[in-house]
Amino acid sequence: MVEKYGPQMKNHQMSTWIDELKQKLNHMDDAEIVELRMGTSASVHLLYIKTLIDPERLNETIIQPLHRSACNSLSSCITNAKVSEVLSIEDAEQKIMQGFILLNDSVNDQWLGVQLESPLGRAVEPSQTETVIYGAKDSFSEQIDKNITMLRRRLPITTLKTESFTIGSLSKTKVVLLYIDGLTNPEFVSLARKKIESVDFDQFLDSSQLAAFIEDHNHTVFPQFLQTDRPDACAYALGEGKLTLLVSNSPFALIAPITFFHLLQSPEDYFLRWPVASFLRLIRYGSFIVSLTMIPFYVALTTFHYQMVPLPLLYVLLESRGKLPFTPFAEGLFMIVTLEIIKEASLRMPTKTSQTLGVIGGIVIGQAAVEAGFASKVLIVLMGISAIAFFLVPNYQVTKSMVLMQILLLVLASFLGLPGIVIGLIGILAHLHALTSLGQPYLAPIAPFYGKDWNDLFIRGPLIWMKTRPKYLKPLRKWRQEMKK
């Protein structure tokens, strides 16, 4: 099937194309220009980059049919691949660099492009960043078409719409915007489309780079797009009335609009019994608060409010800190930075040496820091609890943001004590209240208040109670079930 997008080229334009393309492909050893005889007399030029195309499909789809068939037009010979007309030399250059094979149809006086991109990519694997016990095990890969297929299999409806964009003057990165027509608010789609079209940068290697350009607020530590590699999470978000962005060569999709509370929710929340899921979600919220405030609280107590500590515990603190030459603030900051160094090193080191890092970090640094007088035993225990609480937050980007908030609270606690921690928390809440995600409030459904959406906030209510979609998303279809007449 030939797709026509405009008028055919004139003869004098076609005659100069081969020379121009040869010049553009100069000094490219993997560029091939092949001349074939089609049928009885006509000759065909094939132009392609051999490292970008599938050679087996080239032979089966183009070369063998052209040799065997007596057809007089290319489009009638190539029947098992999508063929599109090439309209300009710029279009030809772009297609050939995207894994197309260009053919000149001298009979019909036109150039055609056949996409035979090499199926380079890994197999479908379980998610490495959002692991679950129950639920789907597949995850996105770097192949954007395969990612769209995963979503279409979960949402086999014709109202699931896709819009493609190309960004990056160097990378020519493909971006696909997905939404459900008649469900997702058109304002979100229009705003996302406008933001993507306004992106002006030369290279995009991951979806996080795109998020940095289309977020509402660039100078905050909180992400306004949820990054996930789970197709089921994307399908659920689309069904709620959100939209999804897929980026070629990136296994992570972007979901918006989101609220701050989405960053503390796990996909597994919807696969467990609701009392269990609610209990785990409350533990997650509690861990978030504990990991943020535990070390600043320790610094505030030992610096300003030691009279609040029960006498037996105060003896323990005095004994633990008796020989330390540092203030509680310096002690806490030292351990926070040390823990982050260990975390970063564990990510960068080869897997086989990570066990060695655990021994060095846990035993050598931890025990040696106490014996050398750099940290107290009490702080080491608190750091351990705080570090474990960090790992309960399911979003990796948020855990990195939390370290900066923890240091901020630590500084305020060292100067003002407990009032400093309270002031810091109020400031964080005020900052969250000022944020938006694709124009929607970041603290919904608390501010503004949407009472019915609390079914899926701090607790995950029974699914049979969730008959309506989140109100802050302004969906075109409010109800999630067919209304009986």
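Scroll up to find the structure this text is about.
Keep in mind it's a predicted model, so treat the numbers as computed, not measured.

Q: Explain the packing of helix α9 (residues 274–303) against helix α13 (residues 377–391) to me, please; I cannot follow it from the model alone.
A: The description of two packed helices rests on the angle between their axes and on the distance between the axes. Running from N to C, α9 and α13 cross one another at 160°; their axes reach a closest spacing of 8 Å. As summarised for this structure, α9 and α13 are arranged roughly antiparallel, according to the angle between their axes. Considering the relative orientation of α9 and α13, their crossing is left-handed. Side by side, α9 and α13 meet where Ser287, Val290, Ser291, Met294, Ile295 and Tyr298 of the first sit next to Val378, Leu379, Leu382, Met383, Ile385, Ser386, Ala389 and Phe390 of the second. Here the residues of the contact of α9 with α13 sort into 11 nonpolar, 3 polar and no charged.

Q: Please clarify how helix α2 (residues 55–68) should be interpreted in this entry.
A: Owing to its 3.6 residues per turn, the α-helix aligns residues three or four sequence positions apart on the same side. Compared with an ideal rise of 1.5 Å per residue, which puts 14 residues at 20 Å, α2 spans 18 Å between its outermost C-alpha atoms and is within 8% of the ideal. Roughly 25° is the biggest bend found in α2, and it falls at Ile62, with proline Pro65 one to four residues downstream. Sitting at the head of α2, Asp54 places a side-chain oxygen 3.2 Å from the backbone nitrogen of Glu56.

Q: How should I be thinking about the sheet that holds strand β8 (residues 173–180) in this particular structure?
A: Pairing between sheet strands relies on hydrogen bonds along the backbone, with the strands arranged either parallel or antiparallel. Reading across the sheet, the 5 strands line up as β7-β8-β10-β11-β9 and stay open at both edges, with antiparallel pairing between neighbours. Each having just a single partner strand, β7 (160–167) and β9 (226–228) make up the two edges of the open sheet. Here the strands of the sheet are splayed against their neighbours by 25° on average, with no regard to which way each runs. Bridge count between strand β10 (residues 243–247) and strand β11 (residues 253–256): 3 bridges; the pairing is antiparallel. Residue pairing in the sheet places Leu245 in a bridge with Leu254 of β11.

Q: Help me out: how do you make sense of the layout of surface pockets in this one?
A: Where empty space is left becomes clear once a probe the size of a water molecule has been rolled over the atoms. Of the voids in this model, the second largest pocket is the one considered here, and its volume is about 1,400 Å³. Taken together, 39 residues line the second largest pocket, and the ones lying closest to its centre are Gln98, Gly99, Gln115, Glu117 and Lys174. Put simply, the parts of the chain that give the lining of the second largest pocket at least two residues each are β4 (83–86), α4 (89–96), α5 (144–154), β7 and β8. In terms of residue class, the lining of the second largest pocket is made up of 10 nonpolar, 15 polar and 14 charged.

Q: Is there a simple way to explain the packing of aromatic side chains in this structure?
A: All chains considered together, the criterion is met by 14 aromatic pairs. On the numbers, 5.0 Å between centres and 45° between planes, the contact of Phe201 with Phe213 is tilted. Here Phe213 lies in helix α7 (residues 207–214) and Phe201 lies in the loop between α6 (186–197) and α7, a separation of 12 residues in the sequence. Residue Phe201 is classed as partly exposed on the basis of its relative accessible area of 39%. With 5.2 Å between their ring centres and 65° between their planes, Tyr285 and Phe458 make a pair best called edge-to-face. Residue Tyr285 is located in helix α9, and its partner Phe458 is located in the segment after β13 (440–441); the two are separated by 173 residues in the primary sequence. A residue is classified by how much of its surface remains accessible, and Tyr285, at 11% relative accessible area, is buried. Accessibility expressed as a relative area gives 30% for Phe458, which makes it partly exposed.

Q: What should I look at first to understand empty space enclosed by the protein in this one?
A: One pass over the structure, following the stated rule, counts 1 cavity of 30 Å³ or more. Its boundaries defined by the atoms lining it, the largest cavity holds a volume of some 40 Å³. Ile336, Leu339, Glu340, Met383, Ser386, Phe390, Val403 and Gln406 are the residues that line the largest cavity. Those elements that place two or more of their residues in the lining of the largest cavity are α11 (328–348), α13 and α14 (396–416). Of the residues assigned to the lining of the largest cavity, the class counts are 5 nonpolar, 2 polar and 1 charged.

Calculation criteria
Residues numbered from 1 in each chain as written. Predicted model: local features only at pLDDT ≥ 70, side-chain atom pairs only at ≥ 80, totals over all residues. Heavy atoms only, no water. Axes fitted to C-alpha atoms, helices over the stretch in contact; angles between N-to-C directions. Helix = DSSP H or I, 4+ residues; strand = E, 2+ residues; numbered from the N terminus. Parallel < 35°, antiparallel > 145°, perpendicular 65-115°, else oblique. Left-handed = near helix turned anticlockwise from the far one by under 90°. Contact = heavy atoms within 4.5 Å. Nonpolar A, V, L, I, M, F, W, Y, C, P; charged D, E, K, R; others polar. Expected span 1.5 Å × (residues − 1). Bend = angle between axes of the 7 residues up to and from the residue. Polar contact = N/O pair within 3.5 Å; in protein donor to acceptor, adjacent residues only side chain to side chain. Pairing = 2+ DSSP bridges. 1 Å grid on protein atoms, 1.4 Å probe; cavity = no way out; pocket = protein on both sides within 12 Å on 5 of 7 lines; lining within 4 Å. Points joined across faces, edges and corners; volume = space filled by probe spheres on them. Phe/Tyr/Trp six-rings, centres within 6.5 Å; stacked < 30°, edge-to-face > 60°. Buried < 20%, exposed > 50% of the residue type's maximum accessible area, 1.4 Å probe, protein only.

Shape descriptors only; they carry no functional weight alone.
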